[in-house]
Amino acid sequence: MIPFLDLKTIHCELQAEIVAAWQRILEDGAFVGGPEVEGFEREFAAYVGARHCVGVSNGTDALLFALLALGLRPGDQVITASHTFIGTSEPIGHAGGKPVFVDVDAATGTLDPALVEAAITPRTRFLLPVHLYGQPADMGPLLDIARRHDLKLVEDACQAHGAEYRGRRAGSLGHAAGFSFYPGKNLGACGEGGAVTTDDAAVAARVRQLRDHGQVRKYHHEIEGYNGRLDALQAAALRIKLRHLDGWNEQRRRAAATYAELLVGSPFELPTEAPGRKHVYHLYVVRHPERERVQAALTAAGIGTGLHYPVPLHLQPPYRSSSLPLGSLPRSEHWASAGLSLPMYPNIDQGQQARVAEALRRAVA
Ligand SMILES: *Cc1c(COP(=O)(O)O)cnc(C)c1O
């Protein structure tokens with residue numbers, strides 16, 4: 001068996017260290033907030049290259065709090081990708097905004113800047129590009145558009161811990177960014193977690209308020225907020241794992257290079273790294289018109305795969321009324337219908353990858 005994702009190996013290696021940190025928290029009783037959360041926020045801000053990091057409950061809330069802190073008001077339009085996880089668009093709706101889906105670039109699957117400008121209306125207030133599968137969206141042109149039209153740009157960096165655009169890390173590029181620490185992400189907690197990063201002190205302060213019931217001090221609530229905090233057990237595990245993130249990302253990049261060598265000349269469309277970008281391969285997604293058949297063959301061979309994501313958001317029930325019928329975002333629809341995610345994790349070995357490649361070639365022979 002070759003799993004799609006292997007979380008066990010990493011946690012076995014770090015178990016003693018994580019358990020020792022949790023033991024200290026059990027003895028202190030500081031479960032929510034406290035020194036572990038503050039320590040992680042400092043360290044992750046420094047890692048990303050942003051002035052501020054605010055730990056929150058998950059990636060979806062991170063995006064919600066970033067949008068609200070940057071002033072999203074009911075009725076505002078937010079231009080975003082359809083080819084992504086619904087955690088990108090839910091916060092827009094929860095904040096009272098309206099997602100406006102634009103097609104993605106054929107090669108990277110990230111928001112196509114050439115299509116963004118035509119989607120701008122007088123109600124547009126935000127761009128929300130997704131650094132999909134671990135590769136930053138084309139931030140240079142997107143930031144230009146945001147400047148020209150006076151829009152705020154929030155990065156969905158939930159899949160892009162450590163990814164870079166022109167030498168700067170994801171999470172330091174827009175007005176604010178949302179990260180997820182869901183266990184399977186490149187930096188994952190042992191449960192749920194997320195963070196907002198920003199250079200703007202006022203935005204960071206607002207996110208701190210939003211995550212904690214709108215409190216300015218205990219039981220003094222300036223606004224209606226949320227219960228959206230990061231807990232200390234997760235923060236402690238994240239601090240330990242953060243020290244390994246660069247090494248794990250390098251292992252992912254090597255594994256991606258190995259897949260590319262093994263699959264050269266095959267009928268699969270392979271992931272590419274766009275110029276000036278550092279892809280950290282949260283997912284390794286190949287494309288083939290008969291991916292269901294290929295997936296079934298791999299399953300039969302004991303190889304785990306995934307579909308990320310089989311139905312683009314503009315065709316999902318909550319958004320179907322959005323005047324974007326089937327066929328309206330052809331590249332998003334192609335990614336959704338042809339993409340197949342191969343096993344990808346830092347410690348995947350070359351023998352496993354050779355067996356995956358062999359099974360793929362046999363499936364389409
Ligand atoms: C994981 C993810 C989210 C949501 O993060 P959660 O921590 O699961 O709430 C949002 N957007 C993208 C692209 C993601 O991959």
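This report concerns the structure included in the present document.

Cut-offs applied
Residues numbered from 1 in each chain as written. Predicted model: local features only at pLDDT ≥ 70, side-chain atom pairs only at ≥ 80, totals over all residues. Heavy atoms only, no water. Near = heavy atom within 4 Å. Polar contact = N/O pair within 3.5 Å; in protein donor to acceptor, adjacent residues only side chain to side chain. Nonpolar A, V, L, I, M, F, W, Y, C, P; charged D, E, K, R; others polar. Pairing = 2+ DSSP bridges. Helix = DSSP H or I, 4+ residues; strand = E, 2+ residues; numbered from the N terminus. Axes fitted to C-alpha atoms, helices over the stretch in contact; angles between N-to-C directions. Contact = heavy atoms within 4.5 Å. Expected span 1.5 Å × (residues − 1). Buried < 20%, exposed > 50% of the residue type's maximum accessible area, 1.4 Å probe, protein only.

## Observations concerning the site of the ligand
- By nearness alone, 13 residues border the ligand, and Gly 59, Thr 60, Gln 159, Ser 180 and Lys 185 come closest of all.
- The side chain of Ser 180 places a nitrogen or oxygen atom 2.6 Å from an oxygen atom of the ligand.
- Between Lys 185 and the ligand, the recorded distance is 2.7 Å, taken from a side-chain N or O atom to an oxygen atom.
- Partitioned by chemical class, the residues of the shell around the ligand number three nonpolar, eight polar and two charged.

## A few points about the sheet that holds strand S2 (residues 77-81)
- Strand order across the open sheet formed by seven strands is S1-S9-S8-S5-S4-S2-S3, with mixed pairing between neighbours. One side of each edge strand has no neighbouring strand; the edge strands of this open sheet are strand S1 (52-56) and strand S3 (98-102). Shown here is a sheet whose adjacent strand axes are inclined to one another by a mean of 25°, direction ignored.
- Strand direction decides the pairing type here: strand S4 (residues 124-128) and strand S5 (residues 152-156), joined by two bridges, are parallel. From the neighbouring strand, Phe 126 faces S5, where its bridge partner is Lys 152.
- Each of S1, strand S8 (176-180) and strand S9 (194-198) touches helix H2 (residues 35-48); the most contacted strand, S1, lies at about 125° to it.
- Packing of helix H3 (residues 59-69) onto the sheet brings it into contact with S1, S4, S5, S8 and S9, and relative to S8 it is tilted by some 165°.

## Describing helix H9 (residues 245-262)
- The end-to-end C-alpha separation of H9 is 26 Å, in line with the 26 Å expected for 18 residues at 1.5 Å each.
- Among the residues making up H9, those that are buried are Leu 245, Trp 248, Asn 249, Arg 252, Ala 255, Ala 256, Thr 258 and Tyr 259.
- Of the surrounding elements, those touching the buried residues of H9 are helix H1 (8-28), H2, helix H8 (232-242), strand S13 (284-287), strand S14 (339-342) and helix H12 (350-364).

## Details of the environment of Gly 134
- In this structure, Gly 134 sits in the loop between S4 and helix H6 (139-149).
- Remark: the alpha-carbon pair of Gly 134 and Ala 160, spanning 26 residues in sequence, is separated by 4.3 Å.
- Not counting residues up to four positions away in its chain, the partners in contact with Gly 134 are Gln 159, Ala 160, Ala 163, Lys 278, His 279, Val 280, Tyr 281 and His 282.

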